[in-house]
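# Structure at a glance
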Amino acid sequence: MTGIDHAARTAELEAEEVRLAFDRFDFAEAWAIGRELVETAPAPVAIRIQVGDRLLFAAALDGTSADNQVWLDLKFAAVRQFGRSTLWLHHRLKARGRTLAESPSVRTPMIDHGGGFPIRIGAQVVGVIGVSGLPHEDDHRLITSAIEAYKAGQGQGGRG
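Below: a short report on this structure. Bear in mind the structure is a predicted one, so any value in this text is a computation, not a measurement.

Helices and strands together make up the secondary structure of the protein chain, namely five helices and four strands. If you list the helices and strands of the protein chain from N to C, you get α-α-β-β-α-α-β-β-α. Here the protein chain has a C-alpha radius of gyration of 15 Å; the compact-globule value for 160 residues is 15 Å, and the two agree. In terms of its C-alpha atoms, the protein chain occupies a principal-axis envelope of roughly 45 × 35 × 30 Å. When the 160 residues of the protein chain are sorted by exposure, 44% land in the buried category. Restricting to contacts in the protein chain with at least 6 residues of sequence separation, those with at least 24 account for 67%. Averaging the locations of the 18 positively and 20 negatively charged side chains of the protein chain gives two centres separated by 5 Å.

This is the structure we're talking about:
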């Protein structure tokens, strides 16, 4: 990916995370977003939605493998450590001319490929939504599109 302004993309992703924060997040939100992810995935993906250590939704569509679960573990570790999406981490590192391996604070295996997204209630990160199976920008976009669809449905008689 050449010609990308990684610093500008990092700022866009930060604003997106704020815009897609929740007032509440429990099983109902996880179920609605998880279903949206399953129904709109353009190819086989593995999906996991977790708040703290509590697994609220998981699906592995036909065509996925155990590798997808490993990728989800690595993405979840990155979101938990940095409190940001894995795509944010990717562009943040690129903007600084660094790699994840060069980050001194990284002590556990993790990855900076899109597809890990923080669940925020206000400013606090309470969980992670993860998708694995598509190119990393598409994994990220699938998650954000599902959250946007959920939030749009809230304004049309959905629960809030």
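Applying the stated criterion across every chain, the model contains 10 salt bridges. Residues Arg 9 and Glu 137 are paired through a salt bridge, measuring 3.3 Å at the closest nitrogen-oxygen approach. Residue Arg 9 is located in helix α1 (residues 6–19), and its partner Glu 137 is located in helix α5 (residues 136–154); the two are separated by 128 residues in the primary sequence. Residue class for Arg 9 comes out partly exposed when judged on its relative accessible area of 21%. Under the relative-accessibility criterion, Glu 137 is labelled buried at 10%. Of the charged contacts in the structure, one is a salt bridge between Glu 29 and Arg 24, with a shortest N-O distance of 3.3 Å.

Moving on: the packing of aromatic side chains. The tally for this structure, following the rule as stated, stands at four aromatic pairs. Between Phe 22 and Phe 25 the ring centres are 4.9 Å apart and the planes differ by 75°, which places this aromatic pair in the edge-to-face class. Side by side, Phe 22 and Phe 25 carry an identical accessibility label, which is buried. An aromatic cluster of three or more residues is present, and its members are Phe 22, Phe 25 and Tyr 150. It is Arg 48 that lies over the ring of Phe 76; its NZ or CZ is 5.1 Å from the centre. Over the ring of Phe 22 we find Lys 151; its NZ or CZ atom is 5.0 Å from the centre of that ring.

Counted residue by residue, strand β4 (residues 124–132) has seven buried out of nine residues, so it is predominantly covered. One ladder, built from six bridges, connects strand β1 (residues 46–51) with β4; its direction is antiparallel. If you follow Arg 48 over to β4, its bridge partner there is Gly 130. Sheet topology places strand β3 (residues 116–121) next to β4; six bridges connect them, and they run antiparallel. Directly across from Ile 119, in β4, lies its bridge partner Gly 127.

Cut-offs and rules
- Residues numbered from 1 in each chain as written.
- Predicted model: local features only at pLDDT ≥ 70, side-chain atom pairs only at ≥ 80, totals over all residues.
- Heavy atoms only, no water.
- Helix = DSSP H or I, 4+ residues; strand = E, 2+ residues; numbered from the N terminus.
- Rg over C-alpha atoms; globule rule 2.2 N^0.38 Å.
- Buried < 20%, exposed > 50% of the residue type's maximum accessible area, 1.4 Å probe, protein only.
- Contact = heavy atoms within 4.5 Å.
- Lys, Arg positive; Asp, Glu negative; His and termini not counted.
- Charge placed at Lys NZ, Arg CZ, Asp CG, Glu CD.
- Salt bridge = Lys/Arg side-chain N within 4 Å of Asp/Glu carboxyl O.
- Phe/Tyr/Trp six-rings, centres within 6.5 Å; stacked < 30°, edge-to-face > 60°.
- Lys NZ or Arg CZ within 6 Å of the ring centre and 35° of its normal.
- Pairing = 2+ DSSP bridges.

Any functional reading would require information that these geometric values do not contain.
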